[in-house]
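Okay, here's what each chain looks like letter by letter:
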Amino acid sequence: MTLLSESELQQVAAAIEQVERNTDAELVTVLAAQADDYRYIPLLWASLIALLLPGALLFFSGWLGAWQLLLVQWATFIVLAVLFRMPGLTSRLIPRSVRCWRACNLARRQFIELNLHHTDADTGILIFVSEAERYVEILVDRGISSRIDNAAWESIVACFTERVKQGQVLEGFLGCIEASGALLAQHVPKTHERNELPNRLVVLP
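In short, a report on the structure.

Conventions used here
- Residues numbered from 1 in each chain as written.
- Predicted model: local features only at pLDDT ≥ 70, side-chain atom pairs only at ≥ 80, totals over all residues.
- Heavy atoms only, no water.
- Core = buried A, V, L, I, M, F, W, Y, C linked by side-chain atoms within 4.5 Å.
- Buried < 20%, exposed > 50% of the residue type's maximum accessible area, 1.4 Å probe, protein only.
- Helix = DSSP H or I, 4+ residues; strand = E, 2+ residues; numbered from the N terminus.
- Axes fitted to C-alpha atoms, helices over the stretch in contact; angles between N-to-C directions.
- Parallel < 35°, antiparallel > 145°, perpendicular 65-115°, else oblique.
- Contact = heavy atoms within 4.5 Å.
- Nonpolar A, V, L, I, M, F, W, Y, C, P; charged D, E, K, R; others polar.
- Polar contact = N/O pair within 3.5 Å; in protein donor to acceptor, adjacent residues only side chain to side chain.
- Pairing = 2+ DSSP bridges.
- Phe/Tyr/Trp six-rings, centres within 6.5 Å; stacked < 30°, edge-to-face > 60°.
- Salt bridge = Lys/Arg side-chain N within 4 Å of Asp/Glu carboxyl O.

### Re the nonpolar core
The biggest cluster of nonpolar side chains holds 31 residues, and the ones touching the most others in it are Leu-4, Ile-125, Ile-138, Ile-144, Trp-153, Phe-173 and Leu-184. Mapped by element, the contributors of at least two residues to this core are helix H1 (6-20), strand E1 (26-32), strand E2 (124-130), strand E3 (135-140), helix H7 (151-165) and helix H8 (169-187). Among the elements that take part in this core, H8 stands out by supplying 7 residues, more than any other. Val-30, Leu-80, Ile-94 and Tyr-135 belong to the second largest nonpolar core, which has 25 residues in total.

### Concerning the packing of H1 against H8
For the pair H1 and H8, interaxial distance at closest approach is 9 Å and the crossing angle is 5°. Taken together, the axis directions place H1 and H8 in an arrangement best described as roughly parallel. Contacts from Glu-8, Gln-11, Val-12, Ala-15, Ile-16 and Val-19 of H1 reach H8 at Leu-170, Phe-173, Leu-174, Ile-177, Gly-181 and Leu-184. A per-class count over the contact of H1 with H8 returns 9 nonpolar, 2 polar and 1 charged.

### Let's talk about the side chain of Asp-24
Following the sequence through the fold, Asp-24 ends up in the loop between H1 and E1. Of the polar contacts made by the side chain of Asp-24, one reaches the side chain of Thr-191; its length is 2.4 Å. With residues near it in sequence (within four places) discarded, Asp-24 still touches Thr-123, Val-188, Pro-189, Lys-190, Thr-191, His-192 and Arg-194.

### Here we look at the pairing of E1
Within E1, 7 of the 7 residues are buried, which leaves it mostly tucked inside the rest of the structure. On E1, burial covers both faces: Glu-26, Val-28, Val-30 and Ala-32 on one face and Leu-27, Thr-29 and Leu-31 on the other are all buried. Pairing analysis gives 7 bridges linking E1 to E2, with the strands arranged parallel. Looking at the pairing, Val-28 lines up with Leu-126 of E2. Of the strand pairs in this sheet, E1 and strand E4 (residues 201-204) are connected by 4 bridges, and their pairing is parallel. Bridging from a neighbouring strand, Ala-32 pairs with Leu-204 of E4.

### Quick word on unusual backbone geometry
Backbone phi values are negative for most residues with the exception of glycine, while trans is the configuration of most peptide bonds. Its identity is not glycine, yet Asn-115 carries a phi of approximately 60°, on the positive side. Mapped onto the elements, Asn-115 comes out in the loop between helix H5 (96-113) and E2. The residue Arg-134 is not glycine, and still its phi comes out positive at about 50°. Tracing the sequence through the fold places Arg-134 in the loop between E2 and E3.

### Quick word on the packing of aromatic side chains
Scanning all chains against the criterion turns up 2 aromatic pairs. Summarising the aromatic geometry, the rings of Phe-128 and Tyr-135 are spaced 6.4 Å apart at their centres and angled 65° between planes, so their arrangement reads as edge-to-face. Comparing Phe-128 with Tyr-135, the two get one shared label, buried. A ring pair is formed by Phe-160 and Phe-173, whose centres lie 5.0 Å apart and whose planes are at 70°; its orientation type is edge-to-face. A residue pair is termed long-range when its members are at least 10 positions apart, and Phe-160 in helix H7 and Phe-173 in helix H8 qualify at 13 residues.

### A short note on the pattern of salt bridges
Any two side chains of opposite charge can pair, given that their charged atoms come close. Tallied over the entire structure, the rule returns 4 salt bridges. The salt bridge involving Arg-21 is made with Glu-17; its shortest N-O contact spans 3.8 Å. Of the charged contacts, one joins Glu-137 and Arg-108 as a salt bridge, the two residues approaching to 2.7 Å between their closest N and O atoms. In this pair, Glu-137 is assigned in strand E3 and Arg-108 in helix H5, connecting sequence segments 29 residues apart. Owing to a relative accessible area of 36%, Arg-108 belongs among the partly exposed residues under this scheme.

Set out below in structure tokens:
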């Protein structure tokens, strides 16, 4: 995991400040190391295999007794529950749909918790990244979505996602902020001086 250094966080904050000079939008960025610890995933896989393995052994061998089957089942569960908790294995056990679902939920929670839905003109915008899931999303409030179609953000998200996959998180953030700023300056231009939310990158563990 390659989260950003203090100097890199300052670069992101400066980029946000530059964008907000030309738009009424309130831009907030969030970088999460991961959307979930997925502690239940190793247990689910270990339980499933422990349930199936004794039955398979009994079917193909036919010589295992009830106590032997129970012993095999418990031993299988314990060994796999420990083995599957290794980070390299755990990441391979998590379905892509589950990873996206957890990251998507966290993005929406952050939008609410950071009060992006309470700006005066409904012009909050969240750039969210969950690095472990390689997940990027841009969420906007009504004041922006009514002026900019969601499709306009898709190419920005695609470029950012590719940067995250390559481990270029800072470059991805700066490029995304710049591209978003160009759209916002055109469709949600600056009409008055204000700064309702802090211009910084929120980092989640």
